[in-house]
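Below, each chain spelled out in residue letters.
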Amino acid sequence: MMIAPHANKDATVSIMIVIGTRPEAIKLAPVVQSIKSSSWANPCVVLTGQHSDLIDPLIESFGLEVHHHLHVMQPRQSLASVTARILEKLDHLLIELNPQAVIGQGDTASVLAGSMASFFRKIPFAHVEAGLRTGDLSAPFPEELNRVLTSKMTTWHFAPTEMAKTNLIAESVPPSKIWVTGNTVIDALKLCLSRVGTQSASAQRLPWADHKDRDVTLAAQDQAWQERLLSERPLVLITAHRRENFGEPLRAICQAVVQLADRYKEHDFVYPVHPNPQVREVVMTMLNGRANIYLMPPADYPLFCRLMEKSRLILSDSGGVQEEAPALGKPVLVLRDETERPEAVTLGCNRLVGTNTQRIVDEVTRLLSDPKQYEAMANAGSPYGDGQAAQRIEAVLREHFR
Ligand code: UDP
């Protein structure tokens, strides 16, 4: 796809925004929008193509204009080859377009290659969601290394929280180069829910029935489940697809879901399944065909926000979900042993439960049977921002280029 860059009439500055994966698209969409609404800069959106299939619906949902697509995705690509391909293709694009700044987000191969390509061409790089750390280069792998290295090549560090700022300062980043903005995911969430709220009732039908990735076995269930999910039945939402959880941990998570679905028959357990075969095969084998478990294709963002809103609690190993759910007052049991998002755990809205079957079952049972504990988690607060992060980022860049 090659669309002519959006032109702000009087703008003199071109800013390249590099997007690789689903969370990057969600978290950078508000930044693109803020720059687009400004009078001083033009955004140039580059998709690396790391996760094409998950990004296409987001481009549509957020009305993002894509200017360049690097199409790096190849079957069974290694981390080294995908990083190398993004680096080389971005370098060509930087020479061709010569932007005044580049923006990347998070901790993927795209942000690592984006910051490195910019550094080599001496173009200043802005890192959105800077400073998240576990302190362990092997967990999460390779994301911790990607973000540590990216920080070394960054000019503007946009930290979501004070703790992220502290992490950066501990690595000798000058405080004058760090801005605590909140996380742009809260901007995206608010944007999305406000749009859903203004849609007509017919447009609010749960829209996954036509999803191209849908299994034939799931198709027959769709109609009944659409009705059911719009009903008052309590819902537990599940996402699990982190690399560290492939194999035995994911099987243990699925085993816990089986036991919980048996114990809580009045609840529905809804799991949008990531297309990665290592996830799909395990989940479909262990969870498909059970009366109160619904396996569905990855949900488009507006639908996923609605599922989060409707859920009683969420079981997830996702980073973004750990940030979004507290803003909706939904407790998250985090299916990991560590997290680079400790703020929500400290505040009490999220709890690290790991991937042991019995532990997951016990923690869910405790929450569902003890209203006091449930309320304490649901009302603990939201530490990841106020929905104004993208505007703050735009303001810092505007000030620089003034
Ligand atoms: N998400 C989505 N549809 C889904 C599952 C998740 O839109 O079916 C969103 C979710 O709201 C969050 C982001 O995708 O904003 C998280 O993506 P993922 O878990 O892949 O990555 P991580 O956040 O762990 O980097």
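A quick note: this is a predicted structure, and the numbers were derived from the prediction, not measured.

**Things to note about the nonpolar core**
Considering soluble globular proteins, one finds that nonpolar side chains tend to be buried as a cluster.
Right, so step 1: Counting 60 residues, the largest nonpolar core has Ile15, Ile19, Ile103, Tyr301 and Met308 as its most contacted members.
Right, so step 2: The element that contributes the greatest number of residues to this core is helix 1 (residues 22-36), accounting for seven residues.
Right, so step 3: Discounting residues that sit within four places of it in the chain, Ile103 has contacts with Ile15, Met16, Ile17, Val18, Leu28, Val31, Ile35, Phe125, Ala126, Val128 and Leu397.
Right, so step 4: Grouped together as the second largest cluster of nonpolar side chains are 37 residues, Val236, Phe246, Tyr271 and Leu368 included.

**Describing the environment of Leu145**
Right, so step 1: Summarising the element assignment, Leu145 is placed in helix 5 (residues 143-152).
Right, so step 2: It is 9.7 Å that separates the C-alpha atoms of Leu145 and Gly135, two residues lying ten residues apart in sequence.

**Focus on the site of the ligand**
Right, so step 1: The ligand sits among 14 residues. The nearest are Ala299, Ser318, Gly319, Gly320 and Glu324.
Right, so step 2: In the model, a nitrogen atom of the ligand is placed 2.8 Å from a nitrogen or oxygen of the Ala299 main chain.
Right, so step 3: Taking Glu324, its side chain carries an N or O atom lying 2.6 Å from an oxygen atom of the ligand.
Right, so step 4: Burial of the ligand by the protein amounts to 91% of the accessible area it has alone, namely 540 Å².
Right, so step 5: Counting only elements with at least two residues in the shell around the ligand, the list comes to helix 1, helix 11 (301-310) and helix 12 (319-327).
Right, so step 6: Looking at the shell around the ligand residue by residue, the class counts come to seven nonpolar, four polar and three charged.

**What to know about unusual backbone geometry**
What is expected of a backbone is that most residues other than glycine have negative phi and most peptide bonds are trans.
Right, so step 1: A cis amide bond, omega -5 degrees, links Ala139 with the succeeding residue Pro140.
Right, so step 2: Along the chain, Pro140 falls in the loop between strand 5 (125-128) and helix 5.
Right, so step 3: Note that the residue after Phe141, namely Pro142, is joined by a cis bond; omega there is 0 degrees.
Right, so step 4: For Pro142, the location among the structural elements is in the loop between strand 5 and helix 5.
Right, so step 5: Phi at Lys122 is positive, roughly 60 degrees, even though this residue is not glycine.
Right, so step 6: One can find Lys122 in the loop between helix 4 (109-120) and strand 5.
Right, so step 7: A relative accessible area of 76% places Lys122 in the exposed class.
Right, so step 8: A positive phi angle is found at Glu129, which is not glycine, with a value near 70 degrees.
Right, so step 9: Examined against the element boundaries, Glu129 turns out to sit in the loop between strand 5 and helix 5.
Right, so step 10: Accessibility expressed as a relative area gives 7% for Glu129, which makes it buried.

**Observations concerning the confidence of the model for the protein**
Right, so step 1: In the predicted model, the protein carries a mean pLDDT of 91, and the fraction of residues at 70 or more is 91%.
Right, so step 2: Within the protein, the lowest mean pLDDT, 64, falls on helix 8 (residues 216-229), and the highest, 99, falls on strand 5.
Right, so step 3: Of the regions scoring below 50 in pLDDT, residues 1-5 engages in 14 contacts with residues more than four places distant in sequence or in other chains.

**Examining the sheet that holds strand 7 (residues 178-180)**
Right, so step 1: Ordered in space as 3-2-1-4-5-6-7, the seven strands form an open sheet in which the pairing is parallel. With partners counted over all chains shown, the strands left at the sheet margins are strand 3 (68-69) and strand 7, one partner each.
Right, so step 2: Pairing of strand 1 (residues 13-19) with strand 2 (residues 41-47), which is carried by seven bridges, proceeds in the parallel orientation. Across the sheet, the residue bridging to Ser14 is Asn42, located in strand 2.
Right, so step 3: Helix 6 (residues 162-170) rests against strand 6 (156-159) and strand 7 of the sheet, and its axis sits at about 165 degrees to strand 7.

**Thoughts on helix 15 (residues 371-378)**
Right, so step 1: When we look at burial in helix 15, the residues that qualify are Tyr374, Met377 and Ala378. Down the axis of helix 15, the sector holding all buried residues measures 95 degrees, keeping them to one side. Helix 15 presents Lys372 and Ala376 as exposed residues on the side facing more than 90 degrees away from its buried surface.
Right, so step 2: Its buried side turned inward, helix 15 meets strand 12 (332-334), strand 13 (350-352) and helix 14 (357-369).

**Some points on the pairing of strand 10 (residues 293-296)**
Right, so step 1: Of the two faces of strand 10, the one lined by Ile293 and Leu295 and the one lined by Tyr294 and Met296 are each fully buried.
Right, so step 2: Bridge analysis of strand 9 (residues 268-272) against strand 10 gives four bridges, and the strand direction is parallel. Bridging across to strand 10, Phe269 finds its partner in Ile293.
Right, so step 3: Handedness of the crossover is the feature at issue here: the chain leaves strand 9, passes through helix 10 (residues 277-287), returns alongside strand 10, and the resulting connection is right-handed.

**Notes on the packing of aromatic side chains**
The relation between two aromatic rings is expressed through the spacing of the ring centres and the mutual angle of the planes.
Right, so step 1: Scanning the entire structure with this criterion turns up six aromatic pairs.
Right, so step 2: Aromatic pair Trp40 and Phe401: ring centres 5.9 Å apart, planes at 25 degrees, arrangement stacked. One end of the pair, Trp40, is in the loop between helix 1 and strand 2; the other, Phe401, is in helix 16 (residues 389-401), and 361 residues separate them in sequence.
Right, so step 3: The class for Trp40 is buried, based on a relative accessible area of 12%.
Right, so step 4: Taking the relative accessible area as the measure of exposure, Phe401 reaches 23% and is therefore partly exposed.
Right, so step 5: Counting every residue linked through ring pairs, the aromatic cluster contains Trp40, Trp156 and Phe401.
Right, so step 6: Here the guanidinium or amino end of Arg312 rests over the ring plane of Tyr374, the centre of that ring lying 5.3 Å away.

About the thresholds
- All chains use their own residue numbering, which begins from 1 and follows the written sequence.
- Per-residue local features are limited, in this predicted model, to residues with pLDDT of at least 70; the limit for side-chain atom pairs, both in listing and counting, is 80 or more; totals at the level of whole chains, interfaces and linings are taken over all residues.
- Neither water nor hydrogens contribute to the side-chain values; these are computed over all heavy atoms in the structure.
- Residues enter a nonpolar core if they are buried and are Ala, Val, Leu, Ile, Met, Phe, Trp, Tyr or Cys, with the set joined through side-chain atoms within 4.5 Å.
- Throughout this description, buried means an accessible area under 20% of the type-specific maximum (1.4 Å probe, protein chains only), exposed means over 50%, and partly exposed covers the range between.
- Helix numbers and strand numbers start at the N terminus; a helix is a DSSP run of H or I with at least 4 residues, a strand a run of E with at least 2.
- For this analysis, residues touch if any pair of their heavy atoms sits within 4.5 Å.
- Proximity is defined per residue: if any heavy atom of the residue lies within 4 Å of a molecule or strand, that residue is considered near it.
- In protein, a polar contact means a hydrogen-donor-capable atom and an acceptor-capable atom, both N or O and within 3.5 Å, with residues adjacent in sequence counting only if both atoms are side-chain atoms; elsewhere, any N or O pair within 3.5 Å suffices.
- Surface accessibility in these figures is a Shrake-Rupley result with a 1.4 Å probe; residues are shielded only by whichever protein chains are displayed.
- Asp, Glu, Lys and Arg are counted as charged, while Ala, Val, Leu, Ile, Met, Phe, Trp, Tyr, Cys and Pro are counted as nonpolar; the rest, among them Gly, fall into the polar class.
- Looking at any residue, its pLDDT shows the predictor's confidence there, from 0 to 100.
- Strands qualify as paired when DSSP identifies two bridges or more between them.
- Fitted lines through C-alpha atoms give the axes, limited to the stretch in contact for helices. The angle between two N-to-C directions lies from 0 to 180 degrees.
- Read the arc as the range of directions from the helix axis to the C-beta atoms.
- A crossover counts as right-handed when, viewed with the strands pointing away from the observer, the path leading from the first strand over the helix to the second turns clockwise.
- Aromatic contacts are taken between Phe, Tyr and Trp rings whose centres are within 6.5 Å, Trp giving its six-membered ring; a plane angle under 30 degrees counts as stacked, one over 60 as edge-to-face, and the others as tilted.
- Ring-over charges, as used throughout, are those where CZ of Arg or NZ of Lys falls within 6 Å of the ring centre and within 35 degrees of the ring normal.

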